[in-house]
Amino acid sequence: MPGFRYTAYDIDGREQRGVLESDSPRLARAQLREKGWFPLDVSQIEAANDADAGSIFSKRRAHLPQADLARVTRQLATLLGAGLTIEQTFNAVIEQAESEPERQLLAGIRGQVLEGQPLGAALGQFPSTFSALFRTLVTAGETSGRLPDVLERLADYVEEQQAMRQKLLVAMIYPIIVMIVCALVVTGLMVYVVPQVIGVFESTKQTLPLMTRALLGLSKFIQLTGVFWLIAGVLVFVGAKAALKRESILRRWHSWLLRAPLLGRMIRAKESAQLAATLSILVSSGVPVLTALNAGAGVLGNLPMREALQRATIAVREGSGLSRAIIAQQSHGKVMLFPPVMVHLIASGEASGRLAQTLEAAARQQQRDVETKTSAFAAIIEPAMIVVMGVIVLAIVLAVLLPIFELNQLVAR
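Bear in mind that the values here come from a model prediction, so they are computed numbers and not experimental data. (Residues numbered from 1 in each chain as written. Predicted model: local features only at pLDDT ≥ 70, side-chain atom pairs only at ≥ 80, totals over all residues. Heavy atoms only, no water.)

### Some points on the packing of helix H11 (residues 263-284) against helix H12 (residues 289-299)
No. 1: The contact between H11 and H12 brings their axes to 9 Å, and the two run at 150°. Accordingly, the angle class assigned to the pair H11 and H12 is roughly antiparallel. The element H11 and its partner H12 pack so that their crossing is right-handed. Contact with H11, carried on its side by Glu271, Gln274, Leu275, Thr278, Leu279, Leu282 and Val283, involves Ala292, Leu293, Ala295, Gly296 and Val299 of H12 and no other residues of that element.
No. 2: Looking at the contact of H11 with H12, its residues break down into 8 nonpolar, 3 polar and 1 charged. (Axes fitted to C-alpha atoms, helices over the stretch in contact; angles between N-to-C directions. Helix = DSSP H or I, 4+ residues; strand = E, 2+ residues; numbered from the N terminus. Parallel < 35°, antiparallel > 145°, perpendicular 65-115°, else oblique. Left-handed = near helix turned anticlockwise from the far one by under 90°. Contact = heavy atoms within 4.5 Å. Nonpolar A, V, L, I, M, F, W, Y, C, P; charged D, E, K, R; others polar.)

### A closer look at the packing of aromatic side chains
No. 1: Enumeration according to the criterion identifies 2 aromatic pairs in this entry.
No. 2: Judged by centre distance (5.1 Å) and plane angle (55°), the ring pair of Phe130 and Phe134 falls under tilted. As far as burial versus exposure is concerned, Phe130 and Phe134 are alike and both buried.
No. 3: Aromatic pair Trp253 and Trp256: ring centres 5.5 Å apart, planes at 15°, arrangement stacked. (Phe/Tyr/Trp six-rings, centres within 6.5 Å; stacked < 30°, edge-to-face > 60°. Buried < 20%, exposed > 50% of the residue type's maximum accessible area, 1.4 Å probe, protein only.)

### Quick notes on the pattern of salt bridges
No. 1: Counted by the stated rule, this structure contains 8 salt bridges.
No. 2: Salt-bridge contacts for Arg71 lead to Asp68; the nearest nitrogen and oxygen are separated by 3.4 Å. Residue Arg71 and its partner Asp68 are located together in helix H3 (residues 66-81), separated by 3 residues, close to a single helical turn.
No. 3: For the salt bridge of Glu247 with Arg251, the shortest nitrogen-to-oxygen distance reads 2.8 Å. Of this pair, Glu247 and Arg251 both sit in helix H10 (residues 247-259), 4 residues apart, which is roughly one turn of that helix.
No. 4: Of the residues examined, Arg251 reaches a relative accessible area of 28% and is grouped as partly exposed. (Salt bridge = Lys/Arg side-chain N within 4 Å of Asp/Glu carboxyl O.)

### Quick word on the packing of H3 against helix H4 (residues 86-96)
No. 1: Direction vectors running N to C along H3 and H4 enclose 140°, while the axes themselves pass 10 Å from each other. The angle between H3 and H4 places the two elements in the oblique class. In this structure, H3 meets H4 at a crossing whose hand is right-handed. Touching Val72, Gln75, Leu76, Leu79 and Leu80 of H3 are Ile86, Thr89, Phe90, Ala92, Val93 and Gln96, all from H4.
No. 2: Here the contact of H3 with H4 is built from residues that sort into 8 nonpolar, 3 polar and no charged.

### Observations concerning the confidence of the model for the protein chain
No. 1: For the protein chain, the mean per-residue pLDDT works out to 79, and 91% of the residues sit at or above 70.
No. 2: The low-confidence segment residues 47-61 (pLDDT under 50) makes 24 contacts with residues lying over four places distant or belonging to another chain. (pLDDT = per-residue confidence, 0-100.)

Below, the structure written as C-alpha cells:
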C-alpha cells in the first residue's frame, strides 16, 4: 500500500504534518476528513530508487548530520525493541521527523522495505548518510535477530564519534581565531597605519633609520602586490586540492603528516581510536573478523594506515592472528602506525577470547589519548601565536618610534 505525506489543519486550526497509508490520494484525503481535519496537501511518497526522482534525491538531498543520525538510530532501536514492526517503526519515526529532508529520507527507506528489501539493502540507497560500517552492522543485526541491540550500539557509536569531533573542533577554534586576528592586525598595520605615520617623518626630509626604511619598503610591497598574493593563494589552494585527488600525491602528503612532530601522533591516535571503536562494535555484534577489518579500513582516513590495515587483513585471511598481522605492518619509515598499547590489547583479547571487550578498552584508551594530545597541541599553539604576534607588533612599533627618538635628539641639541 503506498504512503502519502500530508499537510492538514485540525479542528483548532493548527497545522498538522505526517504520513499515512492509503490506496489513492482521494482515499487519503477522506481519511483525514474522517478525523475532522481539513487536508491542505496530500502527495505520494516516491520510492528511493525511482528513475527520475529517487536517484537525484539520494545523491543531492539524502543526508543527515551526525547528531540527527544518532537521534534517528536511537528512535529506531527503541521502537523496534518495544515490539513494533519495522513498518510501524518507520511510520512513527517519519511523523517525528524534524525536517522535510529527514522525512523524505526515512520515507524513501520505508518504501524500499515495504517493497521487500532488507533494511541494510534499503539503507544502501543513501550512502552519503549511512556508511558501509552502518549498513554492515544493520545487516548483521537483521541476520542475527538482534537488530534493536545493534541499533542501540550504533547510536552510541555515532554519538561518541560526534562528541570526539566536537572536542577536536573546540580545541582548535581558539588557535585558529588567534591566527586570523594576527593576520588581520598585521595586515592592517602594514597597509594603513605604517604608511601614514612614516609619511609624516618623510616630509621632514630627515634620513630614516634602516629598520624604518625596511618596514616602509615592505609596506609598499604588500600594497602593490597584495592582490596578486591573494590570487596566488587561491590558485595554490585549488591546485593542491586537485593534486590531492591523485592517490600517489595523497599518500605522500599523508605520510608527511604522520611524521609531523606533534600532529602526527595526534592523527595516529585519532585514527586508531576510530578503528578500535569500529572493530569493537562489529565483533561484538557477531560480524566475522575479516568482514570487520574490511569495514574498519573504510573508516581510516589516512592512506598509509588504511593500506597497512588492508595488508593485515590479507595476512589474517591467510591464517595469521590479528595482532601479529598488525605488528607486521607497523613500521612506516621511522613511524609506528598503530599504538603498541592497542596492539597488546588486541593480542590479549585474542588469547583470552575477549577480543570485543579489549577492542572497546583500546578505543576508550585511544580516545583519551586523542583528547590529551589535542589539548597539548592547543596549549602549545595558543601561546606560540601570541608570542609571534607580539614580536611582529613590537618590530612595527620600534620601526615607527625610532624616527621619533632621533627627532627628539635633534631638538635637544
